[in-house]
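Commentary on secondary and tertiary structure
Listed below are the residues making up each chain.
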Amino acid sequence: MERVVGMDALERNPLSVVTVGTFDGVHLGHRSIVRYLVQRARSQGGLSVVISFHPHPREVVKGEPMPLLTTVDERADALEDLGLDRFVVIPFTPAFAAMDASAFVEDVLLARVGLKEIVIGYDHGFGKDRAGDSALLRELGARHGFGVDVIPAQVLEADIVSSTRIRQLLVEAGDVRQAAGMLGRPYRLTGEVVHGDGRGRQIGYPTANLAIENPNKVIPRTGVYAVRAWRQGAAAPVGGMLNIGVRPTFDGDSMRIEAHLFDVDASLYGESLRIDFIERIRDEQKFRTIDALIEQLSKDEARCKAELQR
């Protein structure tokens, strides 16, 4: 898959079958659109293209940080797995946000990208104030000679699949299993292993302390989770358990993300770990004694291993 940042290096292709959106999460709804996009492009001998944005438009339009389910690289990786031909990231600036919908279609999609057909979700809005919609696209399509396809909402067990809903599941409930059902894969965090205070090793449960690469990444609710961890260059993940919280038993006062990987005794400092969340095991809690904590960790380990075998 070709990955293009900005439009200066973009080679126009008049056979482009395009969809536009942030695609944060690349969830089941997004995946349905992209699979259809790829199918349409291949059937016409064209090029399947996703136009995305960075930073998230809400950060520019509303001036507030936007919690992200996926970094740009994670987004690209997920789209490549779907067979996409080209992934274009347009820097989302105040000037770009001020562009009206018709100008975006004519000056960007038609003139710079090339446009044979556009595929959009049922609720897609674009251009200044999100004023552009499927009706405008059909009007412009009739004028300029490109096709318009609208994909309906994706529903999973009575929930409409959306990035907002997935964020709520992760942050409010820590429901990583239901979130994974909507994403079509486990939710993932990536971070560098940094030095901690060594308390985990002292009690028989050494942990990898993770510094998350992107400060806007969504962090699931505090608690203990069964996880799978991908080490650098590894062909397969290893199981583990992970705690998100302040470590109240040790009177901690800062949020930490600490993973204990099963059957791994090597030093991990400086490595980048990818963590896939499988199941939330329990809330974080304060124990009266270290022995009580160790006893609970043993139970957590057994339950995590059972969850990972499901």
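Scroll up for the structure.
Just so you know, these numbers come straight off a predicted model, no measurement behind them.

Things to note about unusual backbone geometry
- Following H54, the chain continues into P55 via a peptide bond in cis, with omega recorded as 0°.
- In this structure, P55 sits in the loop between β3 (47-54) and α2 (57-61).
- For F23, which is not glycine, the phi torsion reads 60° and is therefore positive.
- By the element assignment, F23 lies in the loop between β2 (16-20) and α1 (28-43).
- Using a relative accessible area of 5% as the deciding quantity, one classes F23 as buried.

A look at the pairing of strand β4 (residues 86-91)
- Counting buried positions over the 6 residues of β4 gives 5, a clear majority of the element.
- For strand β1 (residues 2-5) and β4, the ladder comprises 4 bridges, and the chain directions are parallel. Of the residues in β4, the one forming a bridge with V5 is V89.

Points about the layout of surface pockets
- Taken as a whole, the largest pocket encloses approximately 1200 Å³ of empty space.
- Among the secondary structure elements, those contributing two or more residues to the lining of the largest pocket are β2, α1, α2, α4 (94-97), β5 (117-121) and α7 (163-173).
- Partitioning the lining of the largest pocket into residue classes produces 20 nonpolar, 15 polar and 8 charged.
- Estimates place the volume of the second largest pocket at around 650 Å³.
- Together, 38 residues line the second largest pocket, and G200, Y205, P206, T207 and E258 are the ones closest to its centre.
- Of all the secondary-structure elements, those providing two or more residues to the lining of the second largest pocket are α9 (199-202), β10 (208-212), β12 (238-245), β13 (256-261) and α10 (290-308).
- At 4 residues, the largest contribution of residues to the lining of the second largest pocket is made by β13.
- For the lining of the second largest pocket, the residue count by class is 19 nonpolar, 10 polar and 9 charged.

About the cut-offs
Residues numbered from 1 in each chain as written. Predicted model: local features only at pLDDT ≥ 70, side-chain atom pairs only at ≥ 80, totals over all residues. Heavy atoms only, no water. Helix = DSSP H or I, 4+ residues; strand = E, 2+ residues; numbered from the N terminus. Buried < 20%, exposed > 50% of the residue type's maximum accessible area, 1.4 Å probe, protein only. Pairing = 2+ DSSP bridges. 1 Å grid on protein atoms, 1.4 Å probe; cavity = no way out; pocket = protein on both sides within 12 Å on 5 of 7 lines; lining within 4 Å. Points joined across faces, edges and corners; volume = space filled by probe spheres on them. Nonpolar A, V, L, I, M, F, W, Y, C, P; charged D, E, K, R; others polar.

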